[in-house]
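What follows is each chain in one-letter form.
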Amino acid sequence: MVGAGGIGCELLKNLVLTGFGEIHIVDMDTIDLSNLNRQFLFGMQHIKKSKSMVAKETAGKFNPNVKLEAHHANIKDSEFNIKWFKGFNVVFNALDNLEARRHVNKMCLSADVPLIESGTTGFDGQVQVIKQGKTECYDCTHKTTPKSFPVCTIRSTPSQPIHCIVWAKSYLLVEIFGTSEESSPDVDPTEDSENSREIANLKREAEELKNIREKMDSPDFTATVFNKVFKDDINRLRSMDEMWKSRKPPEALDHQTVSDEAGSIGAKVSKNDQKIWSLAENYAMFEDSLRRLAERALDMKRDQVEDEAAPIITFDKDDEDTLDFVAASANLRSLVFGINVKSKFDIKQMAGNIIPAIATTNAITAGLCVLQAFKVLRDDLSSARTVFLSRSADRAFSTEKPSPPNPACGVCSVARTTIEADIERATLGNLVGNVLRDGLGYGEEITVMTSQLLYDCDFDDNVDRTLKELGFSEETFITVVDDEDEPRINLEVLVTNNQLPEGSTPITIPTRFEIPKKPSAKPETPKPSLPNGNIANGSAIKRSIGEVVGSDELEYQPNGRDTKKPRRGIVVEDRVPSAKKLGKMPATEIDDIVVIDDDGTITID
């Protein structure tokens, strides 16, 4: 079981009580206060302890006859190799991020071990069975990557609350109390004609803030920071006349004026986390949180051991000091740019990249995981189902038979083989010449790559380098692409390190096997369209409702609109249940339709 969070706690309880004989739990995370409302295996006494270790300890009391093994580690660590995965009858994913999901998906496919993938977001959930060669895998359908924002939008032209929140969290807090994060995942540093100037300004302003934070113990520290970011920087932006020809310019704030208006408002405003704070209340919270953070930073600096890295303060959604600072700073910036302000409660969700998690959804989804696992373990894949859970008065569950592998998928629709190599002796030339050309019959036109290009017919610089010099480790996957006129499907080779006898060939040659040809691309049949570009009646396109599995509690990816969230957030893109299976659902007065950022056509019946 990979992941011991919202779904993981429920799932482990089910597995233990069902009587699975040996269960390994892998999670690199520690327990946080915000976990306790739904991750019932943990209590207050467990905060900051390993999730996997505590989950083992608590769940073990439910059934002492089950052998539990906990691994406080990253599932991508080298110890969790193909051999390790092959030791299991089934793997359960209860993860909260895309990269780890993809890694486990690939490892299970290579080890030929069935995977039960699951995820929830609010009231919606999904369970998917993945079996190599039998069903589609996690990567057979497109998954969107987390949203980032261009530097110029964050620094100069914010238009949504999320832009101001990212500015406060990933720029202001970091520049004052951390180290400069020009490569923050929330900010797209890609330079273009518009971004390049802003990146230069960003560096200059970061240097100015660096000078200001040297005066952290000064009595006028708050006034200096405030006037810098809410007055001087804003006046600089206003001076760029071209920027404001088609948009309203920002209005700078004066520290003395706002400070006088705040008057006797104190830190108590922090407790009103669901209230929209006024300008004066936001200033009072900005001043108080900045003071608290400055005191913390100075204390940390005094306690710093010589030659240690400078202490920093980073954002944590459960750290009241950083949350208050980000909330107040973001709202003050929103007021400057005429953007709607948000409550501290809303900002915590958006800045922490979280979506409200429903314990009941996790529990139901975990139960469905075990039910599907029974079918897999009985080798009864024909009875397995992809299950969608949604908040609907008509039907809470919708099911489909697992779809076959996507022929165009670069992860599961590939040929596979495994070889051994003494990576300190074997060269890339041995791999290309002895294994691929002589052993498997490839021609001249091939491309060999890991996460980077190693070889193709126009790039042979690496042929004399050893595999170890090229970054190969105990287990390394390479992908071989056939570039001939009638190419075969991609080949995935697992190269495992083994010290072969001196004098022998430093790499093993696999028995030749048939690698299928790539299927010919079928031309798309054009859809009949109306003069206005809409699809004609009867030509409805099957599309996803929302986007996929987010997480064991899907990461919140704000779209910047103050609209209702779509009621169905189905969990695998383009895998929605058919209308026939859903049945006819009568419209009601509370039904609504939300179309977000769609650049194609949606036909809604």
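First, a word on what this report is: a plain description of the structure on this page. (Residues numbered from 1 in each chain as written. Predicted model: local features only at pLDDT ≥ 70, side-chain atom pairs only at ≥ 80, totals over all residues. Heavy atoms only, no water.)

This part takes up the overall build of the protein chain. For the protein chain, the count of helices and strands is 15 helices and 14 strands. As displayed, the protein chain offers around 30300 Å² of accessible surface, 48% of which is attributable to carbon and sulfur atoms. (Helix = DSSP H or I, 4+ residues; strand = E, 2+ residues; numbered from the N terminus. Areas by Shrake-Rupley, 256 points an atom, 1.4 Å probe, with all protein chains shown as cover.)

With that settled, the discussion passes to the sheet that holds strand E14 (residues 491–497). Ordered in space as E10-E14-E13-E11-E12, the five strands form an open sheet in which the pairing is mixed. Because the sheet does not close on itself, it has two edges, and the strands there are strand E10 (415–421) and strand E12 (453–456). Neighbour to neighbour, the strand axes of the sheet diverge by 20 degrees on average, direction disregarded. Here strand E13 (residues 475–482) pairs with E14 via six bridges, running antiparallel. Residue pairing for E14: threonine 476 is matched across the bridge by valine 495. The strands that helix H4 (residues 98–111) touches are E10, E13 and E14; relative to E13, the one it contacts most, it runs at about 80 degrees. Each of E10, strand E11 (446–449), E12, E13 and E14 touches helix H14 (residues 428–439); the most contacted strand, E11, lies at about 130 degrees to it. (Pairing = 2+ DSSP bridges. Axes fitted to C-alpha atoms, helices over the stretch in contact; angles between N-to-C directions. Contact = heavy atoms within 4.5 Å.)

Within the secondary structure, alanine 168 sits in helix H6 (residues 161–177). Expressed as a C-alpha distance, the spacing of alanine 168 and valine 326, which sit 158 residues apart in the sequence, is 5.2 Å.

Scanning the entire structure with this criterion turns up twelve aromatic pairs. Taking the centre distance of 5.3 Å and the plane angle of 85 degrees together, the rings of tryptophan 84 and phenylalanine 85 count as edge-to-face. Residue classification places phenylalanine 85 among the buried positions, given a relative accessible area of 1%. Summarising the aromatic geometry, the rings of tryptophan 167 and tyrosine 171 are spaced 6.2 Å apart at their centres and angled 40 degrees between planes, so their arrangement reads as tilted. Residue tryptophan 167 and its partner tyrosine 171 are located together in helix H6, separated by four residues, close to a single helical turn. (Phe/Tyr/Trp six-rings, centres within 6.5 Å; stacked < 30°, edge-to-face > 60°. Buried < 20%, exposed > 50% of the residue type's maximum accessible area, 1.4 Å probe, protein only.)

So, on to the environment of arginine 465. Among the structural elements, arginine 465 can be located in the loop between E12 and E13. Since its relative accessible area comes to 35%, arginine 465 is described here as partly exposed. Taking C-alpha positions, arginine 465 is 7.9 Å from glycine 429, a pair spaced 36 residues apart along the chain. With sequence-adjacent residues up to four places away left out, arginine 465 is seen in contact with Ala426, Thr427, Leu428 and Leu470.

Let us now look at the pattern of salt bridges. Scanning the entire structure with this criterion turns up 27 salt bridges. In this structure, the salt-bridge partner of lysine 13 is glutamate 10, at a minimum N-O distance of 3.3 Å. In this pair, lysine 13 and glutamate 10 both sit in helix H1 (residues 6–18), three residues apart, roughly one turn of the helix. Judged by relative accessible area, which is 10%, glutamate 10 ranks as buried. The residue arginine 292 makes a salt bridge to aspartate 288 at a minimum N-O spacing of 2.8 Å. With a gap of four residues between them, arginine 292 and aspartate 288 both fall in helix H10 (residues 279–302), about one helical turn apart. (Salt bridge = Lys/Arg side-chain N within 4 Å of Asp/Glu carboxyl O.)

On the surface, a cluster of nonpolar side chains totalling about 280 Å² of accessible area is made up of Leu17, Phe40 and Phe62. Here leucine 17 shows up in helix H1. (Patch = residues over 30% accessible without salt bridge, like charges linked within 9 Å, V, L, I, M, F, W, Y side chains within 5 Å.)

Across a regular strand the side chains alternate sides, sitting on one face of the sheet and then on the other. Both E11 and E13 contribute to a ladder of four bridges, which runs antiparallel. The residue bridging valine 448 from the neighbouring strand is valine 480, located in E13. Counted between consecutive antiparallel strands, the loop separating E11 from E12 contains three residues.

The end-to-end C-alpha separation of helix H8 (residues 221–238) is 25 Å, in line with the 26 Å expected for 18 residues at 1.5 Å each. Of all the bends found along H8, the most pronounced is centred on lysine 228 and spans about 40 degrees. (Expected span 1.5 Å × (residues − 1). Bend = angle between axes of the 7 residues up to and from the residue.)

The residue lysine 48 is not glycine, and still its phi comes out positive at about 75 degrees. Residue lysine 48 is classed as exposed on the basis of its relative accessible area, which comes to 58%. At aspartate 112, a residue that is not glycine, the phi angle is positive and equals roughly 55 degrees. Examined against the element boundaries, aspartate 112 turns out to sit in the loop between H4 and strand E4 (115–121).

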